[in-house]
Amino acid sequence: MRTASRQGWQLAELQHDSLVFTAEDGLRHALKDGFFYVKQPAGMGLSAGDRFARSFYLPAEKGDADCYRGYQQWTTNQLGPHQGYFCRDADQTEQFFLESAWWDRVYPAALIRQAEAMRDFAISIQRAVLTHLDLPRELWQEATGHSLTPQGTHTLTFNHFRPEVAARGLNIHKDSGWVTVLRSTEPGLEVDRDGDWYPIDPIPGTFIVNFGCAMEILTRSTTTPVAAVAHRVVRQACHDEAKPDRFSYALFVDSSLDNSVCPGLFTYEPATGLRLETSFETFLDDILDNTYQQDTTGLY
């Protein structure tokens, strides 16, 4: 595998609802790459999310008041499709997915505050990107499945990598939605560029941002297409017990799953307007199912 320095990826800061890149023409490169770094907002604490990521999979012990443990009990039976705790044989990851409608009932108070801050930050990034696309502002809500509003689907997802499991780290996939804001502290994430895999290693004080399939589908016929790039996490090797396991977590911005609000994913044709491509719920089901199977990839 050829390598690329992390300086090859773009770095931005959100300033007054605008993305300001450190490199000239940084936004254009970021839209083509499908990934970029963004500085973490001043005052956004991450300790609750970091603690949850390191603890959610641990069993709650009798008499233990640690509210960051014992989340294996939360499953799709209580929470609905694609939510709760998942542990699959095909990947080293065990995961916890939770949409914003459930945050108040499930997450500890400090994590709720962080989740809300990350959601608002992700939506602000999405708005900032939309201002640079040739998509009329009056179409934003319909075109993005009301993802910029509380009607959208906003999910905070945690990943714990188990190095003792003889499996891939996390399968090749593209995210389904609009914008993903990722917290990662250890190497392992790789992205596909023209058939070669390149690392996108964490930079302290930043999130990693990537675009999803919904953004790619919407913009692919425009003068400013946005890439949703295939990515994966490489297998984590067993290590000294003194080194913590790899973890990550991300805020996903997706379209509304309410068909009366969002009929599906659109392509925007500058000459004719929006064209409905597919049901978002069906698209989401398919891409998630293919991501977590042994012999498929989460692509479309």
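Above: the structure in question.
The present account deals with the structure reproduced in this document. (Residues numbered from 1 in each chain as written. Predicted model: local features only at pLDDT ≥ 70, side-chain atom pairs only at ≥ 80, totals over all residues. Heavy atoms only, no water.)

1. Quick notes on the nonpolar core
Argument step 1. Ranked by size, the top nonpolar core spans 65 residues in total, and within it Phe 36, Phe 96, Tyr 107, Leu 156 and Phe 158 carry the most contacts.
Argument step 2. Tallying contributions element by element places helix H5 (residues 109–130) first for this core, with eleven residues.
Argument step 3. Filtering out sequence-adjacent residues up to four positions away, Phe 158 remains in contact with Gly 49, Phe 52, Ala 53, Phe 56, Glu 94, Gln 95, Phe 96, Tyr 107, Leu 111, Ser 248 and Tyr 249.
Argument step 4. Trp 9, Leu 170, Ile 208 and Val 229 belong to the second-largest nonpolar core, a separate cluster that totals 18 residues. (Core = buried A, V, L, I, M, F, W, Y, C linked by side-chain atoms within 4.5 Å. Buried < 20%, exposed > 50% of the residue type's maximum accessible area, 1.4 Å probe, protein only. Helix = DSSP H or I, 4+ residues; strand = E, 2+ residues; numbered from the N terminus. Contact = heavy atoms within 4.5 Å.)

2. With respect to the side chain of Thr 291
Argument step 1. Mapping Thr 291 onto the fold places it in helix H8 (residues 280–291).
Argument step 2. Exposure remark for Thr 291: the relative accessible area of 4% places this residue in the buried category.
Argument step 3. Looking at Thr 291, its side chain comes within polar contact range of the main-chain oxygen of Ile 287, at 2.7 Å. (Polar contact = N/O pair within 3.5 Å; in protein donor to acceptor, adjacent residues only side chain to side chain.)

3. What about the packing of aromatic side chains?
Geometrically, a pair of aromatic rings is defined through the distance of the ring centres and the angle of the planes.
Argument step 1. In total, this model carries 20 aromatic pairs according to the counting rule given.
Argument step 2. For the ring pair Phe 52 and Tyr 71, a centre distance of 4.7 Å and an interplane angle of 65° mean the geometry is edge-to-face. Of the two residues, Phe 52 sits in helix H2 (residues 47–53) while Tyr 71 sits in the loop between H2 and helix H3 (76–79), which places them 19 residues apart along the sequence.
Argument step 3. Every member of this aromatic cluster is reached through a ring pair, and the members are Phe 52, Phe 56, Tyr 57, Tyr 68, Tyr 71, Tyr 85, Phe 96, Tyr 107, Phe 158, Phe 247 and Tyr 249.
Argument step 4. Over the ring of Trp 102 we find Arg 105; its NZ or CZ atom is 4.2 Å from the centre of that ring.
Argument step 5. The positively charged end of Arg 193 is found above the aromatic ring belonging to Tyr 198, 5.9 Å away from the centroid. (Phe/Tyr/Trp six-rings, centres within 6.5 Å; stacked < 30°, edge-to-face > 60°. Lys NZ or Arg CZ within 6 Å of the ring centre and 35° of its normal.)

4. Notes on the pairing of strand E9 (residues 189–193)
Argument step 1. Judged from the three bridges that link them, E9 and strand E12 (residues 231–233) form a sheet pairing that is antiparallel. From the neighbouring strand, Leu 189 faces E12, where its bridge partner is Val 233.
Argument step 2. Bridge count for E9 against strand E10 (residues 196–199) is four bridges, and the pairing is antiparallel. Residue pairing in the sheet places Glu 190 in a bridge with Pro 199 of E10.
Argument step 3. Hairpin connection of E9 to E10: two residues between the antiparallel strands, including Asp 194 at a positive phi of 55°. (Pairing = 2+ DSSP bridges.)

5. Some words on the sheet that holds E12
For sheets, the rule is that strands pair by backbone hydrogen bonds, running either parallel or antiparallel.
Argument step 1. As summarised here, the arrangement of the four strands in space is E7-E12-E9-E10, forming an open sheet in which the pairing is antiparallel. Only two strands of the sheet have a single neighbouring strand rather than two, namely strand E7 (170–173) and E10. Strand after strand, the sheet turns through a mean of 25° between neighbouring axes, direction not considered. (Axes fitted to C-alpha atoms, helices over the stretch in contact; angles between N-to-C directions.)

6. Some words on the state of the cysteines
Argument step 1. A full pass over the atoms with the stated rule returns zero disulfides.
Argument step 2. In this model Cys 87 remains outside any disulfide bridge; the closest cysteine sulfur is found in Cys 238, 15 Å from its own.
Argument step 3. Residue classification places Cys 87 among the partly exposed residues on the basis of a relative accessible area of 41%. (Disulfide = S-S within 2.5 Å.)

7. A look at the sheet that holds strand E5 (residues 93–99)
Argument step 1. If you walk across this open sheet you meet the nine strands as E2-E1-E3-E11-E8-E13-E6-E5-E4, and the pairing is mixed. With partners counted over all chains shown, the strands left at the sheet margins are strand E2 (18–21) and strand E4 (84–87), one partner each. Each neighbouring strand pair of the sheet contributes to a mean axis angle of 30°, computed without reference to strand direction.
Argument step 2. Taken together, the eight bridges between strand E6 (residues 153–161) and strand E13 (residues 247–254) define a ladder with antiparallel strand orientation. What sits directly across from Asn 159, in E13, is Ser 248.

8. Concerning unusual backbone geometry
Argument step 1. One non-glycine residue, His 82, lies in the positive phi region at around 65°.
Argument step 2. Within the element layout of this structure, His 82 appears in the loop between H3 and E4.
Argument step 3. For His 82, a relative accessible area of 29% corresponds to the partly exposed category.

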